[in-house]
Amino acid sequence: MNAFFLTSAILLTAIILIPTYRLVKGPTVYDRLIAVNAVATKTLVLIVLIGYLFGRIDMFIDITLAYAILGFIGSLTLAKYITTKAGREDA
Amino acid sequence: MDIQNLLSMLFVMAGMVFILAGSIGVVRLPDFYSRTHAISKSDTLGVMLVIAGLIIHEGWNLNSAKLALIVLLVALANPIGSHALGHAAWLMGLKPRKKGEGG
């Protein structure tokens, strides 16, 4: 079962590289933001799998919960920010 | 290899397929709104399936309860975040691509 988790983690790391293309290349700022959101969601799964590999799943689950809440708050805050006047001048 | 581990591996592999499909969609689709469509739905389902497989592997204890909390959080937070970004793009005047236009 450990080898299966290791294979899944390596596969997921390869999958994370795919939205990174959109993050670098994206024509508008919204494309980049949606790519950041996608990478954050996949990283959440990767942290849980790494917790199983290290045998410390009780600690890594709490890190995953904090990461999920931080990613959600960050995404909402950036979506609010780019509609304000200051964000319009930045974008 | 008992039935619990087999079911867990099946769920994790199904979730990986959905995550891969969403990642390919965010690169291949031509428009911001269609990319939002690819990410918000298939990615949410993929993450929920992978963590459900890990819950089956874990059994009945505190860790599986916390994993179920993560599933609930992802099911609520990921569509809300994608919708907020799409709404912000619409308010800023980004037009969706119509049929027959280039791009």
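Residues numbered from 1 in each chain as written. Chains lettered and ligands numbered in written order. Predicted model: local features only at pLDDT ≥ 70, side-chain atom pairs only at ≥ 80, totals over all residues.

## Considerations on the overall build of chain B
Thinking step 1. Secondary structure summary: chain B contains three helices and zero strands in total.
Thinking step 2. Counted from the first residue to the last, chain B has its helices and strands arranged as α-α-α.
Thinking step 3. Its C-alpha atoms give chain B a radius of gyration of 17 Å, more than 25% over the compact-globule value 13 Å for 103 residues.
Thinking step 4. With the principal axes as the frame, chain B shows a C-alpha extent of 55 × 25 × 15 Å.
Thinking step 5. For chain B, the proportion of its 103 residues judged to be buried stands at 37%.
Thinking step 6. A sequence separation of at least 24 residues applies to 68% of the contacts in chain B between residues at least 6 apart. (Helix = DSSP H or I, 4+ residues; strand = E, 2+ residues; numbered from the N terminus. Rg over C-alpha atoms; globule rule 2.2 N^0.38 Å. Buried ≥ 20, exposed ≤ 12 C-beta atoms within 10 Å, placed from the backbone. Contact = placed C-beta atoms within 7 Å.)

## Examining the overall build of chain A
Thinking step 1. A tally of helices and strands in chain A yields four helices and zero strands.
Thinking step 2. When the helices and strands of chain A are placed in sequence order, the string is α-α-α-α.
Thinking step 3. The C-alpha atoms of chain A give a radius of gyration of 16 Å, which is well past the 12 Å a tight globule of 91 residues would have.
Thinking step 4. Principal-axis analysis of the C-alpha atoms places the extent of chain A at approximately 50 × 25 × 10 Å.
Thinking step 5. Within the span of chain A, comprising 91 residues, buried residues form 32% of the whole.
Thinking step 6. Long-range pairs, those at least 24 residues apart, make up 46% of the contacts in chain A with a sequence separation of at least 6.

## Side note on the interface of chain A and chain B
Thinking step 1. Taken together, the contacts link 34 residues of chain A with 37 residues of chain B.
Thinking step 2. Of all elements in the fold, only α1 (2-25), α2 (29-54) and α3 (57-81) of chain A reach the threshold of two or more residues within the side of chain A that touches chain B.
Thinking step 3. Here the side of chain A that touches chain B takes 12 residues from α2(A), the largest share from any one element.

## Some points on the packing of helix α2 (residues 32-58) of chain B against helix α3 (residues 62-91) of chain B
All names here are of chain B.
Thinking step 1. Interhelical geometry of α2 versus α3 gives an angle of 175° and a closest axis separation of 9 Å. Classified by the interaxial angle, the pair formed by α2 and α3 is roughly antiparallel.
Thinking step 2. Partitioned by chemical class, the residues of the contact of α2 with α3 number 18 nonpolar, eight polar and two charged. (Axes fitted to C-alpha atoms, helices over the stretch in contact; angles between N-to-C directions. Parallel < 35°, antiparallel > 145°, perpendicular 65-115°, else oblique. Nonpolar A, V, L, I, M, F, W, Y, C, P; charged D, E, K, R; others polar.)

## Structural notes on the packing of α2(A) against α3(B)
Thinking step 1. Where α2(A) contacts α3(B), the two axes come as close as 10 Å, and the packing angle between them is 175°. On the basis of the axis angle, α2(A) is roughly antiparallel to α3(B). Listed contacts from α3(B) to A:Tyr30, A:Leu33, A:Ile34, A:Asn37 and A:Thr41 of α2(A) are B:Asn78, B:Gly81, B:Ser82, B:Leu85 and B:Ala89.
Thinking step 2. A per-class count over the contact of α2(A) with α3(B) returns five nonpolar, five polar and no charged.

## A closer look at α3(A)
Thinking step 1. Helix length check: α3(A), at 25 residues, gives a terminal C-alpha distance of 36 Å against a target of 36 Å (1.5 Å per residue), a fit within 8%.
Thinking step 2. For α3(A), the full list of buried residues reads A:Ile57, A:Ile61, A:Thr64, A:Ala68, A:Gly71, A:Phe72, A:Ser75 and A:Ala79. (Expected span 1.5 Å × (residues − 1).)

## Let's talk about the environment of B:Met9
Thinking step 1. Mapped onto the fold, B:Met9 is located in helix α1 (residues 3-28).
Thinking step 2. As for B:Met9 and B:Gly53, which are separated by 44 residues in sequence, their C-alpha atoms are 6.7 Å apart.

## A look at α2(B)
Thinking step 1. The end-to-end C-alpha distance of α2(B) is 38 Å, a good match for the 39 Å that 27 residues give at a rise of 1.5 Å each.
Thinking step 2. Downstream of α2(B) by one or two residues, B:Gly59 has phi in the positive range, about 90°.

## Considering the nonpolar core
Soluble globular proteins tend to bury their nonpolar side chains together.
Thinking step 1. Among the nonpolar cores identified, the biggest contains 24 residues, and A:Val45, A:Val48, A:Ala68, B:Val47, B:Val50 and B:Ile51 are the most heavily contacted of them.
Thinking step 2. Contributions of two or more residues to this core are made by α1, α2 and α3 of chain A together with α1, α2 and α3 of chain B.
Thinking step 3. Once residues within four sequence positions are removed from consideration, A:Val48 is found in contact with A:Phe60, A:Ile61, A:Thr64, B:Ile51 and B:Leu54.
Thinking step 4. A:Ile34, B:Phe32, B:Ile39 and B:Leu85 belong to the second-largest nonpolar core, a separate cluster that totals 14 residues. (Core = buried A, V, L, I, M, F, W, Y, C linked by C-beta atoms within 7 Å.)

## Observations regarding the confidence of the model for chain B
Thinking step 1. The pLDDT averaged across chain B works out to 90; a share of 96% of its residues lies at or above 70.
Thinking step 2. The ipTM for the predicted assembly is 0.87, set against a pTM of 0.89. (pLDDT = per-residue confidence, 0-100.)

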